[in-house]
Amino acid sequence: MKLIQVVRRYGPIGGMERYVWELTQELRDLGHEVLVLCEVCLADKPRGIIVHELGTIAPRPRWLALLRFGKNVARWLEENPQPVWLIHSHERLSGHRVTTFHGPPFATVRDMPWWRKISLRVAMQLYLERRELETAKLIVPNSPFIRERLAHYYPELAHKLTEPIVPGVAAMQMRETHSAPVDGGVIGFVGKEWQRKGLPLVVEIAACLRRTRPNLQLWVAGPDAAEIQHLFAGWQGGYRLLGWSDQAHYAEFDVLLHPARAEPYGMVISEAMAARVPVVISAVCGAAAQVTPDAGAVLPLAAPPDTWAGAVEEQLRRSTAPPRFVRSWNEVAQEYEKIYRNCFAEKQP
């Protein structure tokens, strides 16, 4: 099959971007012809994949950047007709057959007070989102949570929704099976968007647990240290701010804590589970569907801090490792193959 993948930033630099990066290479390895349209490629271009960079666009305002990128893609396709190629978008386009939805719908704004809705930004984001969904023949959510949200806000388009195709996870260094020290242990937090992913609550939970576990450590990976140092005012040690790096620290965690306010999937959750690290996460994480009771705990976001602390304490006390989470990117690509074949079959006379 001949497949065009469209993403603004092509490279392993974020959740959605890694999804596309891994998918394209697995599709190539399955024998398909893959062409990527992007603003910019942020890694060495993979062998055997054609990558066309259309040029960077000012990122703000976001709605205008999305609109301009969509026009650049449409212009390239008009100048370079690809009638036998299937276009799979991961962005707000107007000329695709398949779209993957990686985040919660912007249409949640409908539930907000009226004064939050009266702006050009809101109007344009809603227009771009609806256009993307109406154009697509098939809409692929990246988690059951996103599928439910799309069906709720766009019931008239629910017939286009496929079963979710959740991200794969690379093989991870495994955490050695052990119980955390009764007076310590390591809580891990991973995420650059630290406010949305709940770091202030993580700090509060860790501080609560340190009353009975004085040697407990909180390790934070992702944000720059200077950006979050204020959260630890009054702490006398007991934390490490690791910043951003490609190095995975999961094997050194005793539990991953991820009380995100909004998380379309949460690849750090599946990565931690692949390293056999127990997790405690909020119910609004898309990956919650993959967290079985023996892998950790899923709590309502509104649960009070002492409830969160109790759930983390339970994981710190466990003496058995959770089962290893396994899902290869090859599985992801094979699930997309079925969708592509259906689309190509529909195009036959």
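Look above for the structure.
Report follows, based on the coordinates. Small disclaimer: the values here were computed from a predicted structure and weren't measured. The residue numbers shown here count from 1 along each chain, following its written sequence. In view of the model being predicted, local features appear only for residues whose pLDDT reaches at least 70, and side-chain atom pairs are presented and counted only at 80 or more, with totals across whole chains, interfaces and linings using the full set of residues. Note that water and hydrogens are dropped before the side-chain values are worked out from all heavy atoms of the structure.

Sheet strands associate in pairs through backbone hydrogen bonding, adopting either a parallel or an antiparallel arrangement. Strand pairing is assigned whenever DSSP detects at least two bridges linking the two strands. Think of it this way: any DSSP run of H or I at least four residues long counts as a helix, any run of E at least two long counts as a strand, and we number them from the N terminus. If you trace the six strands from one edge of the open sheet to the other, you get E5-E3-E1-E6-E7-E8, paired in parallel fashion. Pairing within the sheet leaves two strands with one partner each, and these edge strands are strand E5 (49-53) and strand E8 (138-141). Adjacent strand axes in the sheet meet at a mean angle of 20° when their direction is disregarded. In this structure, strand E1 (residues 2-6) lies alongside strand E3 (residues 33-38), joined through five bridges in parallel fashion. Note that in E3 the partner of glutamine 5 across the bridge is valine 36. Angles here are taken between N-to-C directions and fall from 0 to 180 degrees, while the axes themselves are lines fitted to C-alpha atoms, restricted in helices to the stretch in contact.

Quick look at the packing of aromatic side chains now. Note on aromatic pairs: the rings of Phe, Tyr and Trp (six-membered ring only in Trp) are paired at centre separations within 6.5 Å, and the planes decide the class, stacked below 30 degrees, edge-to-face beyond 60, tilted for the rest. With the rule as written, the count across this model stands at ten aromatic pairs. Between tyrosine 250 and phenylalanine 253, the aromatic rings sit 6.0 Å apart at their centres with planes inclined by 80°, giving edge-to-face as the arrangement. Judged by relative accessible area, tyrosine 250 falls into the buried class, the value being 5%. Per-residue accessibility, obtained with a 1.4 Å probe over protein chains only, is compared with the maximum for each type, and a residue is labelled buried under 20%, exposed over 50%, and partly exposed between these values. Of the residues examined, phenylalanine 253 reaches a relative accessible area of 0% and is grouped as buried. In our convention, an over-ring charge means Lys NZ or Arg CZ found within 6 Å of a ring centre and within 35 degrees of that ring's normal. Lying across the ring of tyrosine 154, arginine 110 places its NZ or CZ 5.1 Å from the centre. Sitting over the face of the ring of tryptophan 219, arginine 240 holds its NZ or CZ atom 4.2 Å from the ring centroid.

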